[in-house]
Amino acid sequence: MPSRRQMDVASEEFNAEVARLDPLRLDADLRRLPKLNEAADVDALARVLGDALPTEERVAGFTLPECLAAMRDLGMYLGSLKRHGVVAFDVLPGATGPFELLGRRTRLIPRDTVYHYTSWNPPGERERLYTGHPMERGLIGAVRTCVPELARALEAGRSLCDADPRRSGYDDAWACLVSCVGVVDATMKRVLRGVSPEFFARELRPYFEDVHVAGRLYMGPAAAHIPLFLVDVLLWASDQGGEEYLAFCDEVASHTLPDWRERYAEWRASPSLASRYAEALGDSLSPDEARHVQAGARALREALRTLASFRGKHLVMARRAYQEELRLYRLGSGGGSTELLDEILALTRQNHAALGPTAAR
């Protein structure tokens, strides 16, 4: 069982350890993967995947980083085959067992996730790529930047989740959370400039299709699964989110890291910080209490403003990628629609406004 200390996507050292590993000896084959995909050579893809499947005994001997690296590499062939209309588990009946074993060893879903594809994907010559296109490298690099920042934001969130708005002591946690969300927003700006809607919609999106493993459907390694949804749940969505968004969060949470699944269950059942600070702003407060509430509310407003900025950019990109003349799919790679993104943006702005001008003084 991996401990919380072991699987740390905020740790450059841990991510680098997973990235450098090649437990299935697939480095050379994976360099040829973009060419196989370009040729739609499903026979070769299936052959490489079949030859690479580890035995139960071999998986049992893997360390946690080796399990993660193995799932990362097997997942590249799983997604490639599905992109070409082939379900790996249909053509390789023995494939289900290794995927399930690796999922159990890591306490993750029995297929690759966004963390395998980005945080644990080696940069440079060994980078695992479906297409080999510079835009794919750019998108992986952007998510690789965002995930550690969001991990740090969630650690700050642990200090804030039980915060009493009337008391001091939360300035550092708020500053960290606001800063980390700001990095994510700035990174999304670079993605808008560097990844064309045409490339994402027509070339890359087909590799993120969902698959059934042992009768259950699991989504592909979509960037939409980064834990920004957890920041939303903490700040506003636990009690201010729409039914569709919370159902989306429930599904995405099952595809995230074990520690974050536990945190999601806790925060989902708790009043949001937006609700608690809005209520505190309406209370009768001492001067000291009022100062603390207003300082926290200002930081919360800034976090929500930055989230709204990110959501606006994401919506622009999604609308371009899923316009009727480009799209191959109705829903995004994370399972959400552009209508849902519109709703999330509106609710984020609504919660920002609900804190009122009092907090901005």
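Residues numbered from 1 in each chain as written. Predicted model: local features only at pLDDT ≥ 70, side-chain atom pairs only at ≥ 80, totals over all residues. Heavy atoms only, no water.

Undergrad: So what's going on with the overall build of the protein chain? Residues and values would help.
TA: The helix and strand inventory of the protein chain stands at 18 helices and two strands. At 21 Å, the protein chain has a C-alpha radius of gyration in line with the 21 Å of a compact globule built from 361 residues. With the C-alpha coordinates of the protein chain rotated into their principal frame, the extents come out at 70 × 50 × 35 Å. Here the protein chain holds 361 residues, and 57% of them are scored as buried. Intrachain contacts of the protein chain at a sequence separation of at least 6 include 80% that bridge at least 24 residues. If you sum the accessible surface of the protein chain, you get close to 15,400 Å²; carbon and sulfur atoms cover 48% of it. (Helix = DSSP H or I, 4+ residues; strand = E, 2+ residues; numbered from the N terminus. Rg over C-alpha atoms; globule rule 2.2 N^0.38 Å. Buried < 20%, exposed > 50% of the residue type's maximum accessible area, 1.4 Å probe, protein only. Contact = heavy atoms within 4.5 Å. Areas by Shrake-Rupley, 256 points an atom, 1.4 Å probe, with all protein chains shown as cover.)

Undergrad: Talk me through the packing of aromatic side chains; I want residue IDs and the actual numbers.
TA: For the structure on display, the rule yields 13 aromatic pairs. With 6.0 Å between their ring centres and 65 degrees between their planes, tyrosine 115 and tryptophan 260 make a pair best called edge-to-face. With tyrosine 115 in helix H9 (residues 114-117) and tryptophan 260 in helix H15 (residues 258-268), this residue pair connects regions lying 145 residues apart in the sequence. For tyrosine 115, a relative accessible area of 0% gives the class buried. According to the relative accessible area criterion, tryptophan 260 is buried, its value standing at 5%. Ring centres of tryptophan 174 and tyrosine 277 lie 5.9 Å apart, and the angle between their planes is 75 degrees; on these two criteria the pair is classed as edge-to-face. Taken together, the positions of tryptophan 174 in helix H11 (residues 171-194) and tyrosine 277 in helix H16 (residues 273-281) put the pair 103 residues apart, joining distant regions of the chain. Look at tryptophan 174 and you get buried, because its relative accessible area is 3%. Owing to a relative accessible area of 1%, tyrosine 277 belongs among the buried residues under this scheme. (Phe/Tyr/Trp six-rings, centres within 6.5 Å; stacked < 30°, edge-to-face > 60°.)

Undergrad: Summarise the pattern of salt bridges; cite the residues concerned and give the values.
TA: If the charged atoms of two oppositely charged side chains come close together, the side chains can form a pair. Enumeration according to the criterion identifies 22 salt bridges in this entry. Across the salt bridge formed by aspartate 27 and arginine 126, the nearest N and O atoms sit 2.9 Å from each other. Placement of aspartate 27 in helix H2 (residues 27-31) and of arginine 126 in the loop between H9 and helix H10 (134-160) is noted, with a sequence separation of 99 residues between them. Side by side, aspartate 27 and arginine 126 carry an identical accessibility label, which is buried. (Salt bridge = Lys/Arg side-chain N within 4 Å of Asp/Glu carboxyl O.)

Undergrad: Can you tell me about the side chain of asparagine 351, naming the residues and giving the values?
TA: With respect to the secondary-structure elements, asparagine 351 resides in helix H18 (residues 338-354). In this structure asparagine 351 comes out as buried when scored by relative accessible area, which is 5%. When sequence neighbours within four positions are dropped, the list of residues in contact with asparagine 351 reads Trp236, Gln240, Ala274 and Leu304.

Undergrad: Lay out unusual backbone geometry with the relevant residues and their values.
TA: Even without glycine at this site, arginine 25 takes up a positive phi of about 55 degrees. Tracing the backbone through its elements, the reader meets arginine 25 in the loop between helix H1 (12-20) and H2. Since its relative accessible area comes to 66%, arginine 25 is described here as exposed. In this model, alanine 40 sits at a positive phi of 50 degrees, which is unusual for a non-glycine residue. Tracing the backbone shows alanine 40 in the loop between helix H3 (33-38) and helix H4 (42-52).

Undergrad: Requested: an account of helix H8 (residues 96-106), with residues and values cited.
TA: The set of residues buried in H8 consists of Thr96, Pro98, Phe99, Leu101, Leu102, Gly103 and Thr106. The inward-facing, buried residues of H8 abut helix H5 (56-61), helix H6 (64-83), helix H7 (88-91), strand S1 (211-213) and H15. Backbone geometry just after H8 places arginine 107 at a positive phi near 60 degrees.

Undergrad: Quick one: what's the story with the environment of alanine 173, residue by residue and with numbers?
TA: When you line up the elements, alanine 173 lands in helix H11. Between the C-alpha atoms of alanine 173 and arginine 152, which are 21 residues apart in sequence, the distance is 9.8 Å. Ignoring anything within four residues of it in the chain, the contact list for alanine 173 reads Ala156, Ser159 and Leu160.

Undergrad: How would you sum up the packing of helix H14 (residues 243-253) against H18? Please name residues and give values.
TA: H18 packs onto H14 with a crossing angle of 110 degrees between their chain directions and a minimal axis gap of 10 Å. Considering the angle they form, H14 stands roughly perpendicular to H18. Only Leu340, Glu343 and Ile344 of H18 make contact with H14, whose side of the interface consists of Glu244, Tyr245 and Phe248. Of the residues that constitute the contact of H14 with H18, the class distribution is four nonpolar, no polar and two charged. (Axes fitted to C-alpha atoms, helices over the stretch in contact; angles between N-to-C directions. Parallel < 35°, antiparallel > 145°, perpendicular 65-115°, else oblique. Nonpolar A, V, L, I, M, F, W, Y, C, P; charged D, E, K, R; others polar.)

Undergrad: Describe the confidence of the model for the protein chain, and please don't skip the residues or the numbers.
TA: Atomic detail in the predicted coordinates should be set aside for any region of low pLDDT. Within the protein chain, residue pLDDT values average 91, and 92% of them lie at 70 or more. Counting contacts from residues 1-5, a segment whose pLDDT is below 50, to residues more than four positions away or on other chains yields ten contacts. Segment residues 331-335: pLDDT under 50, and 19 contacts once partners within four positions in sequence are set aside and those in other chains are kept. (pLDDT = per-residue confidence, 0-100.)

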